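Structural overview for review
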Amino acid sequence: MTRRVRLGFGLATVLVACESASSLDADVPPAVAWLAAAAVVPDTNEVSSSTILQPAGAKLALSRLETNDLWILGFEAEPIDRLRSVVEAMGSDFEQLRSAAPLASPDACIEQLPAPSWGRFIGPLGASREVPRGEVPPFRAPWLSGVCAPEPDVPGRDADMLSPLSLEVNGKFCGRDALSQTGCDLEFRWERCNIGAQPPLDLRREWDDRVCVVRESECVPMEKGELGLRSAGFRCEPSSSSPLELRIHRPKSPEDVSFVRAEHVRVIDGALPELPPTDWITPDLLQRNHLSAMLELDTRVVVSTHPSERCGLVCPEPAVTQLVFVDRDSMEIVRTATAPPCLTRLAPHPEGGFVGAFQREHTSFDVARFDDGGRVVATTHLMDAPAEPPALWIAGLEYLPELDRYVVILAPNNRAVREIVHSDNHILLFDRELAVVSRGGLPFLGDRVAITSATRVSTPSGDRLLLEEDAGGRYLLTDLEVTEIQRSAGLPVGVGLSRRTHAVLQLDDERLLFAAGGDLPVLGEVFPSSENNVRLLAHQFEALAESSVLAPFGPDVVLAVVRPQASGAEAIYLSRFDTRAFRFLPGSPRLRMPDGSDPGAATRSLVDSKGRIWLGFARSPFLTRLEPSAAD
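In this report, we go over the structure that sits alongside the text. All figures in this text were calculated on a predicted structure; none of them were measured in a lab.

What follows covers the overall build of the protein. Along the backbone of the protein there are four helices and 46 strands. In the protein, which comprises 632 residues, the proportion classed as buried is 56%. Sequence separation of 24 or more characterises 55% of the internal contacts of the protein that already satisfy a separation of 6 or more. Here the protein has roughly 26,100 Å² of accessible surface; of this, 50% comes from carbon and sulfur atoms.

Quick look at the structure:
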């Protein structure tokens with residue numbers, strides 16, 4: 001049902017059919033809650049007179065010259081309510097502002113009112129037509145000059161987003177705090193962009209979070225940017241420097257950049273023991289866990305859990321291991337089974353079931369074969385544990401299909417002594433019957449080392465074992481042959497002793513992507529077959545954060561599970577990394593657990609046969625599954 005609005009003229013000189021010279025009636029859609037009217041000079045688009053913004057149902061009155069165009073504007077309630085909330089959040093009185101100021105000339109960006117949902121145009125000769133939504137010009141309200149979206153670094157304002165405002169210059173992201181907001185004006189710290197000094201730029205943030213070029217600026221708008229983000233692009237040609245292409249990325253909310261859908265299942269009953277918060281991601285945090293291994297079996301994912309104690313670098317006694325079988329699609333627990341203590345590594349068996357490596361308290365290191373239900377079929381003793389624990393731990397277990405062999409790494413941790421380091425029993429090959437066929441030693445690393453992980457990788461020269469060595473920030477590639485294990489030299493990744501390497505992903509036969517933590521966390525590439533084997537390092541530009549898990553996430557994109565480096569911070573965020581441009585993409589939403597608890601760092605990951613990513617965390621009883629959102 002339509003309503004009618006009466007528009008009264010103070011100085012009307014043009015007759016409109018069926019109307020008096022002093023008024024005009026028009027039908028208004030029922031959804032319109034606010035109205036305004038403006039008389040506009042056709043050649044200049046200057047507003048000669050206008051009403052204030054006022055509730056629908058009130059009579060609109062303004063002066064109109066005979067040569068003016070006339071616009072009647074209708075607004076729905078929601079955008080005006082949103083504008084009111086921003087005004088009041090800044091401490092201003094919305095009613096006082098809107099009732100004291102008329103409209104101003106149309107503008108493509110600056111100080112805009114919300115987009116009208118309805119409009120009517122009346123020409124100088126009285127011709128009247130209704131204007132569809134989206135074709136009404138954007139009128140200004142000068143009283144909005146001091147009203148803008150809140151500053152992005154207000155504590156707690158964007159707790160679910162790693163950063164709501166980031167700057168990209170000439171295709172490269174700048175470092176943290178390169179772009180800041182003072183009042184409504186945006187300020188640029190060019191030294192964070194590595195492009196040299198630049199002249200000031202005159203851009204401002206509007207109440208609805210648009211970024212606008214202030215008049216007389218040297219910048220012109222470009223097209224929009226990243227999918228799922230509001231991205232303002234500008235080309236600037238300052239007279240004193242080279243042209244710049246700027247993109248200002250402003251995620252609206254976690255929902256607007258929800259490129260993943262997360263589902264959770266609780267795999268450990270009861271409350272877990274409290275863990276103190278840590279500022280850094282350490283080997284102990286990553287390797288000593290209540291959830292220590294995951295493996296896909298047909299339509300299920302099996303998880304090795306330790307409800308009462310954490311297992312990894314050490315094996316406490318007694319240490320109960322429970323295998324939890326989760327349906328890969330429904331996320332329902334379909335079976336549980338009791339397993340040997342400290343079962344911390346799992347690998348598939350070619351004849352069905354799986355193989356696991358475990359430590360019997362402080363006495364021995366063993367491997368076992370399990371059937372599909374988690375029952376032990378056979379076991380093999382690998383070696384006795386050193387007399388002075390904790391000196392060794394199980395750093396890796398991999399099945400090598402090309403060799404039809406398993407390889408297990410019994411690695412010294414960072415408290416190991418020289419005699420342990422030089423032992424020849426650290427790398428063991430055994431067959432599918434669990435018979436040990438070869439024993440070898442780790443490459444010489446010095447007196448103190450910490451092998452934090454061992455993963456099979458493929459290179460043009462064949463399968464190799466990639467060892468992540470924490471203490472010196474190095475990776476080691478060990479060649480594997482049927483009869484012996486060849487020692488290899490270390491591949492320094494050039495990140496210095498202040499960093500720790502703790503995540504790796506094979507991108508293709510030529511490249512490995514690694515994460516390094518420390519005082520300045522980075523991602524980097526290793527080219528094992530090249531003499532110049534380390535590529536330029538990439539920083540998480542949104543915040544000082546380090547990645548503990550890397551997983552493939554579509555063509556040329558990697559999902560990085562990151563944690564900001566702040567005292568006691570345990571929040572987890574999901575970031576996308578573009579391996580072609582070698583940069584993080586903007587918009588990193590927070591990952592929350594069903595019970596609202598902080599999960600701690602992501603410590604275990606699995607990519608299933610459908611490309612979904614499964615995660616386990618340092619301080620959470622939940623297993624999480626991530627998959628690309630259908631909206632992305």
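Turning our attention to the state of the cysteines. Tallied over the entire structure, the rule returns four disulfides. Across a sulfur-sulfur distance of 1.6 Å, cysteine 109 and cysteine 212 are joined as a disulfide pair. Between cysteine 109 and cysteine 212 the disulfide shows an S-S torsion of about -80 degrees. By sign, it is left-handed. With a gap of 103 residues between them, cysteine 109 in the loop between α2 (94–100) and β8 (118–122) and cysteine 212 in strand β15 (residues 211–213) connect regions that are remote in the sequence. Given a relative accessible area of 16%, cysteine 109 falls into the buried group. Each disulfide pairs two cysteine sulfurs, and for cysteine 148 the partner residue is cysteine 184, the sulfurs being separated by 2.2 Å. With the S-S bond torsion at -90 degrees, the cross-link from cysteine 148 to cysteine 184 turns out left-handed. Note that cysteine 148 is positioned in the loop between β9 (128–131) and β10 (166–169) and cysteine 184 in the loop between β12 (179–182) and β13 (185–188), a separation of 36 residues in sequence. No difference in accessibility class separates cysteine 148 from cysteine 184, as the two residues are buried.

On to the nonpolar core, then. Residues Trp71, Phe75, Leu83, Leu113, Phe139, Trp143 and Leu144 are the most contacted members of the largest nonpolar core, which totals 26 residues. Residues in contact with leucine 83, not counting those within four places in the same chain, are Phe94, Leu113, Pro114, Trp143, Leu144 and Trp207.

Turning our eyes to something else, we now look at the pairing of strand β4 (residues 47–50). Where strand β3 (residues 32–40) and β4 come together, three bridges link them in antiparallel fashion. Opposite alanine 38, over in β4, you have serine 50 as the bridge partner. Adjacent in sequence and paired antiparallel, β3 and β4 are bridged by six residues, among which asparagine 45 carries a positive phi angle near 60 degrees.

Looking now at unusual backbone geometry. Positive phi, close to 50 degrees, is recorded for aspartate 298, a residue that is not glycine. When you line up the elements, aspartate 298 lands in the loop between β20 (291–297) and β21 (300–305). Under the relative-accessibility criterion, aspartate 298 is labelled exposed at 57%. The backbone of phenylalanine 582 sits at a positive phi, close to 55 degrees, despite the residue not being glycine. Tracing the sequence through the fold places phenylalanine 582 in the loop between β41 (572–578) and β42 (583–584).

Here we come to the side chain of serine 166. Counting through the fold element by element, serine 166 comes out in strand β10. Contact partners of serine 166, with chain neighbours within four places excluded, come to Phe173, Leu179, Arg247, Ile248, His249, Phe541 and Pro586.

The next point concerns the pattern of salt bridges. Overall, the coordinates contain 31 salt bridges when judged by the stated rule. Measuring nitrogen to oxygen at the nearest pair gives 2.7 Å for the salt bridge that ties arginine 583 to glutamate 168. Linking arginine 583 in strand β42 with glutamate 168 in strand β10, this pair joins segments that are 415 residues apart in sequence. According to the relative accessible area criterion, arginine 583 is buried, its value standing at 15%. Taking relative accessible area as the criterion, glutamate 168 reaches 6% and is therefore assigned buried. The residue glutamate 351 makes a salt bridge to arginine 432 at a minimum N-O spacing of 3.0 Å. One end of the pair, glutamate 351, is in the loop between β24 (343–348) and β25 (354–360); the other, arginine 432, is in the loop between β30 (427–430) and β31 (436–440), with 81 residues separating them in the sequence.

Before going further, it helps to spend a moment on the sheet that holds strand β23 (residues 333–339). Taking strand neighbours across the sheet as the criterion, the four strands line up as β20-β21-β22-β23 in an open arrangement whose pairing is antiparallel. Each having just a single partner strand, β20 and β23 make up the two edges of the open sheet. With strand direction ignored, the average angle separating the axes of adjacent strands in the sheet is 20 degrees. Relative to strand β22 (residues 321–327), β21 is paired through six bridges, and the arrangement is antiparallel. Paired with threonine 305 across the strands is glutamine 322, a residue of β22.

About the criteria used
Residues numbered from 1 in each chain as written. Predicted model: local features only at pLDDT ≥ 70, side-chain atom pairs only at ≥ 80, totals over all residues. Heavy atoms only, no water. Helix = DSSP H or I, 4+ residues; strand = E, 2+ residues; numbered from the N terminus. Buried < 20%, exposed > 50% of the residue type's maximum accessible area, 1.4 Å probe, protein only. Contact = heavy atoms within 4.5 Å. Areas by Shrake-Rupley, 256 points an atom, 1.4 Å probe, with all protein chains shown as cover. Disulfide = S-S within 2.5 Å. Core = buried A, V, L, I, M, F, W, Y, C linked by side-chain atoms within 4.5 Å. Pairing = 2+ DSSP bridges. Salt bridge = Lys/Arg side-chain N within 4 Å of Asp/Glu carboxyl O. Axes fitted to C-alpha atoms, helices over the stretch in contact; angles between N-to-C directions.

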